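So you can see what is in the structure, the chains are spelled out below.
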Amino acid sequence: MAMILDGKAHADRMLEEVRQGVEGRLAKGLRAPALAVVLVGDDPASHVYVRNKSAACTKVGITSIEHKLAADTPQATLDALIDQLNADAGVDGILVQLPLPKGLDSKRALHRISPAKDVDGFHPMNQGLLLEGLPGLRPCTPTACMSLLAHHGVALKGIRAVVLGRSEIVGKPMALMLLEQHATVTIAHSRTQDLAAVCREADLLVAAVGRPGLVEGSWIKPGAVVVDVGINRVEDEALGARIFAAEPKKLETLRAKGGVLCGDVRFGEAMEVASAVTPVPGGVGPLTIAGLLSNTLVAANQGA
């Protein structure tokens, strides 16, 4: 059976490093870093995520500032709030929680954030710095994934890596970070011909497409390392029966509770083939918040 790459344990290590960094600032007479979170609308998942971020901030000593706006907030009001936070010297990081309600332009909002306060790493300037291999605020999830791989001593130089997914949030920056570490990288997606065959070539497979159980055990090269970024909720029992054929306990949970979380990879099948796998939940999810707070500390230190 493969080794489980425990994202929660590594997130705790990252958060401890952030906590020590915050204490170091305070010892120098500097203020605690401050993260402003803008939440628009009533998306339940977003509210849970924001609460988790706030709790993590409290744990490490970062000041959390929440701005909650109604779902019918006009774009101009959101723009004005971002401008206000950009100009506020007491705010080090700004996060606009996605998805935004219908009618609001998320790209416009993200591009309006000052690159120096863009702790999500989504601004074109920060994306450009990543492309050139220069220091900057990098997207949280792929950065934390790279940290997890480094902690477990996964050698990247010269390996064949396949990133399944091409989003600006995970897929593209993950591919660039792997290239930076001298991996040979293929980006695969929904229009890739013979997707399963491409995935089977990977010494490292990163799945980030948001499709529950897409990657079967037969898609995985024996001994490969698998990083599952997907977080999906499965409620359909027929779909669950296919995805969880190698995880009967998860199928029982689905039947008992009417829904269960899973990744893009069929975890039970992957465990029988791969050398190491991240679970869902408890894998990449906790790493994203840790990466966000790490970026907030970096932004605060750059602004001092």
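Scroll up for the structure.
A brief report on the enclosed structure follows. A quick note: this is a predicted structure, and the numbers were derived from the prediction, not measured.

## As for the pairing of strand 6 (residues 184-188)
- Pairing of strand 5 (residues 160-164) with strand 6 involves five bridges; the strand directions are parallel. Residue pairing in the sheet places Val162 in a bridge with Thr186 of strand 6.
- With helix 7 (residues 171-180) bridging strand 5 and the parallel strand 6, this β-α-β connection has right-handed handedness.

## Topic: the sheet that holds strand 11 (residues 276-277)
- The sheet built from six strands is open, its strands ordered 1-11-8-7-5-6 with parallel pairing. The open sheet terminates on both sides in strands that have one partner only, identified here as strand 1 (3-4) and strand 6.
- In this structure, strand 5 lies alongside strand 7 (residues 204-207), joined through four bridges in parallel fashion. In the sheet register, Val163 faces strand 7, and the bridge partner there is Val206.

## Describing helix 1 (residues 7-27)
- In this model, helix 1 (21 residues) spans 30 Å end to end at C-alpha, consistent with the 30 Å of a helix rising 1.5 Å per residue.
- Buried within helix 1 are the following residues: Gly7, His10, Ala11, Met14, Leu15, Val18, Val22 and Arg25. One side of helix 1 holds all its buried residues, which, seen down the axis, span an arc of 140°. Across helix 1 from its buried face, at more than 90 degrees, point the exposed residues Glu17 and Ala27.
- Tucked into the core, helix 1 has its buried residues touching helix 2 (44-60), helix 6 (140-151) and helix 12 (284-303).

## Digging into the packing of helix 6 against helix 12
- Where helix 6 contacts helix 12, the two axes come as close as 8 Å, and the packing angle between them is 105°. Comparing the axis directions of helix 6 and helix 12 gives the class roughly perpendicular. On helix 12, the residues that touch Cys140, Thr141, Ala144, Cys145 and Leu148 of helix 6 are Val284, Leu287, Thr288, Gly291, Leu292 and Asn295.
- Here the contact of helix 6 with helix 12 is built from residues that sort into seven nonpolar, four polar and no charged.

## A look at the nonpolar core
- Counting 50 residues, the largest nonpolar core has Leu35, Leu178, Leu204 and Leu293 as the members making the most contacts within it.
- Looking at which element gives the most residues to this core, the answer is helix 12, with eight residues.
- The contacts of Leu35, once residues within four sequence positions are left out, are Cys57, Ile62, Thr63, Ser64, Ile65, Gly93, Ile94, Leu95, Val119, Leu292, Leu293 and Thr296.
- Core analysis: the second largest hydrophobic core is formed by 23 residues, Val162, Ala188, Ala202 and Val265 among them.

## Let's talk about the state of the cysteines
- Taken as a whole, this structure holds zero disulfides when the rule is applied.
- Free cysteine: Cys140, not disulfide-bonded; nearest cysteine sulfur from Cys145 at 11 Å.
- Cys199 carries a free sulfur, and the closest cysteine sulfur to it, the one in Cys145, is 16 Å from it.

Each value, and the rule that gives it
- Residues numbered from 1 in each chain as written.
- Predicted model: local features only at pLDDT ≥ 70, side-chain atom pairs only at ≥ 80, totals over all residues.
- Heavy atoms only, no water.
- Pairing = 2+ DSSP bridges.
- Helix = DSSP H or I, 4+ residues; strand = E, 2+ residues; numbered from the N terminus.
- Right-handed = clockwise from strand over helix to strand, strands pointing away.
- Expected span 1.5 Å × (residues − 1).
- Buried < 20%, exposed > 50% of the residue type's maximum accessible area, 1.4 Å probe, protein only.
- Arc of directions from axis to C-beta.
- Contact = heavy atoms within 4.5 Å.
- Axes fitted to C-alpha atoms, helices over the stretch in contact; angles between N-to-C directions.
- Parallel < 35°, antiparallel > 145°, perpendicular 65-115°, else oblique.
- Nonpolar A, V, L, I, M, F, W, Y, C, P; charged D, E, K, R; others polar.
- Core = buried A, V, L, I, M, F, W, Y, C linked by side-chain atoms within 4.5 Å.
- Disulfide = S-S within 2.5 Å.

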